[in-house]
Amino acid sequence: GASLALAAKLAGIRCTIFIPEDYHTPRIEEMKNYGAEVERFPGSYEESVKHSIEEAHRADWYDANPGGANTPLQIMAYAEIANEIYDVLRDAPKMVAVPVSNGTLLTGVHRGFVNLYKRGKTSRIPKMIAASSTHKNPIVFSFKKNLDR
């Protein structure tokens, strides 16, 4: 939310971020300081995401939630992170740790390094390490439940 709020501020566009009403973090003030409107929604994180998707559709806003129709665009944008790492190191590191919820960021960074490797810019594709909050990872939840999504 905070990075989206900053990106919207830099682009000069309005930003509304939906969060669960019981969610508390200093990042809320950070989002507001960047000019984002923070709307609290009763229920879980997943319910807040669903509500924000519905609101974006209803109001004809861009839906910046991971997944859905904008996933290819997000993966391309996240691939730029690999370019930024390459710009500093002039090669790919051996490993890259990425925070994960649904995997879009991990996929994008990995794709960025694959593209750099294929173009001969790096000597390797780094090992990707997925990190997440305890008990809050839909990928692990889905794997343990043997779900296909």
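Residues numbered from 1 in each chain as written. Predicted model: local features only at pLDDT ≥ 70, side-chain atom pairs only at ≥ 80, totals over all residues. Heavy atoms only, no water.

Caption draft 1: Structural detail: unusual backbone geometry. One non-glycine residue, D60, lies in positive phi territory at about 60°. You can see D60 is positioned in the loop between α3 (45-59) and α4 (71-89). For N146, which is not glycine, the phi torsion reads 60° and is therefore positive. For N146, the location among the structural elements is in the segment after α6 (138-144). (Helix = DSSP H or I, 4+ residues; strand = E, 2+ residues; numbered from the N terminus.)

Caption draft 2: Summary view of the nonpolar core. In this structure, A2, A5, A8, C15, I17, I19, I28, M31, A36 and V38 together form the largest nonpolar core, which totals ten residues. Broken down by secondary-structure element, the contributors of at least two residues to this core are α1 (2-11), β1 (16-20) and α2 (27-33). Here the element with the most residues in this core is α1; it accounts for three residues. Apart from the residues lying within four places of it in its own chain, the contact partners of I28 are I19, Y23, V38 and R40. Of all hydrophobic cores here, the second largest spans nine residues; its members include A92, F113, L116 and M128. (Core = buried A, V, L, I, M, F, W, Y, C linked by side-chain atoms within 4.5 Å. Buried < 20%, exposed > 50% of the residue type's maximum accessible area, 1.4 Å probe, protein only. Contact = heavy atoms within 4.5 Å.)

Caption draft 3: How the structure looks around the pairing of strand β3 (residues 95-99). Taking every second residue as pointing to the same face, the buried face of β3 carries V96 and V98, while none of M95, A97 and P99 on the other face is buried. Where β3 lies against strand β4 (residues 127-131), five bridges are found, and the strand directions are parallel. By the bridge assignment for β4, M95 is matched with K127. Note on the crossover from β3 through helix α5 (residues 104-118) to β4: the handedness is right-handed. (Pairing = 2+ DSSP bridges. Right-handed = clockwise from strand over helix to strand, strands pointing away.)

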